[in-house]
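Reading the structure
Here is how the chains run, residue by residue.
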Amino acid sequence: MLMLHKVLEEFGIPASDIRALPFGTGLINHTWKVKINGGEKTFILQRINGNVFKNPKDIACNVQLIAEYLATHYPSYLFVRPLKSNHGQGLAYVEGEGYFRMMPYILKSHSLDVVQNAKQAFEAAKQFGRFTRLLSGFDVSKLKVTIPDFHNLPLRYRLFEESTVQGNPERIALALEKINCMKELSFLVERFSEMERRGVFKLRVTHHDAKISNVLFDKQNHGLCVIDLDTVMPGYFISDVGDMMRTYLSPVSEEERDFSKIVIREEYYKAIVEGYLSEMKGELSEEEKKCFFDAGCFLVYMQALRFMTDYLNNDRYYGAKSEGQNFYRACNQLVLLRRLLEKENQLRAI
Ligand code: GN1
Ligand code: MG
């Protein structure tokens, strides 16, 4: 049982009446919506997964630097600043519980769990683009790398290959057919490496978790800002664009097991491209602008590899609520990738 009052005390909030409900669907950190004193104040509380984020303080460091930069240069940008702990930091350590971050709950805003229309996809893409654009004058090398090699596709492929040899033998046997399908798609790793070698992608401040629930919307469904900044670090624009494609193009999520429901909605693709470019047009090179489709393929493929690797490694990263969950997620992403590749010509033309 989490000692919530202890955590709140660390943030200088002594509260007697605390109500906390799990919030969102994140796989890595635990998040709660916390109401104190009969709803007098509401917060978002997050426990950082210390197995994934080896140096939780780096997250607070990054967020602090970005907050300062935006406050100086773009004071009207709605930046959700974490609360300061009693030690003056943007996170608190509680003995036996771990590291916590706490954010004010922004009234008159809401987030979405699924994208319901292309307009929302446009707005979200605009917000991720805007975030990177507003920070284009910020020295990206000042940011700490909160998860090394997070979106390093060649490395993810190597880890996948390793897991197909050193992983759980029973699971390897069960997944053999899908493992081979994944290996056949490794031309995407070559493509990625080749682009990286040519220096196609510039390092910028990148969010690295561009799912729809990480965007705040106002009542009129205009995007307000992006949230959940634990994976903000130097990266390529393809990470955010690709992850949006991975999570917005299909009407069903990575959890869906009826794969016939996985389809690519072209109008959502168009919305992502247009929304992102509405902010980033002037920042991206001509070559980068040609990589929107590749971005989708790279990120979907990487996620398929990550889920499969985790399945073969006994779910030690993502965990699993049911037997084979990561296997089915990997298969889902593999189908999504196939659907995407089938539409290559149409989508590249957008
Ligand atoms: C994890 O925790 P969550 O759901 O925001 C993962 C992402 C994956 C995603 C797949 C730090 O994100 O990279 O795309 O699951 N985050 C980390 O659902 O590994
Ligand atoms: Mg996240």
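As the structure is a prediction and not an experimental result, all values here were calculated from the model. (Residues numbered from 1 in each chain as written. Chains lettered and ligands numbered in written order. Predicted model: local features only at pLDDT ≥ 70, side-chain atom pairs only at ≥ 80, totals over all residues. Heavy atoms only, no water.)

1. Focus: the coordination of the magnesium ion (ligand 2)
Bound to the magnesium ion (ligand 2) are the protein donor atoms D209 (OD) and D228 (OD), situated 2.0 to 2.5 Å from the metal. With D209 in the loop between β6 (204-206) and β7 (215-217) and D228 in the loop between β8 (223-226) and β9 (233-235), this pair connects stretches of sequence that are 19 residues apart. Across the pair, exposure class does not vary: D209 and D228 are buried alike. (Donors = N, O, S within 2.8 Å, 3.2 Å for Na, K, Ca; no water. Helix = DSSP H or I, 4+ residues; strand = E, 2+ residues; numbered from the N terminus. Buried < 20%, exposed > 50% of the residue type's maximum accessible area, 1.4 Å probe, protein only.)

2. Some words on the sheet that holds strand β5 (residues 98-104)
Across the sheet, 5 strands lie side by side as β1-β2-β3-β5-β4; this open sheet has antiparallel pairing. Strands at the two margins of the open sheet, each flanked by one partner only, are β1 (18-22) and β4 (92-94). Averaged over all neighbouring strand pairs, the angle between strand axes comes to 30°, with direction disregarded. In this sheet, strand β3 (residues 41-47) lies alongside strand β2 (residues 30-36) in antiparallel orientation, the contact comprising 7 bridges. Within β3, the position partnered with V34 by the bridge is F43. (Pairing = 2+ DSSP bridges. Axes fitted to C-alpha atoms, helices over the stretch in contact; angles between N-to-C directions.)

3. A look at the environment of R19
If you trace the backbone, R19 turns up in strand β1. For R19, a relative accessible area of 45% gives the class partly exposed. Along the chain, R19 and G38 lie 19 residues apart, while their C-alpha atoms are 8.3 Å from each other. Those residues in contact with R19 that lie beyond four places of it in its chain are K33, V34, K35, G38 and G39. (Contact = heavy atoms within 4.5 Å.)

4. Some points on the environment of E287
By the secondary structure assignment, E287 is in helix α9 (residues 286-289). It is 38 Å that separates the C-alpha atoms of E287 and I106, two residues lying 181 residues apart in sequence. E287 has contacts with R198 and V200, leaving out every residue within four places of it along the chain. Here the side chain of E287 touches R198 through a polar contact of 2.9 Å, side chain to side chain. (Polar contact = N/O pair within 3.5 Å; in protein donor to acceptor, adjacent residues only side chain to side chain.)

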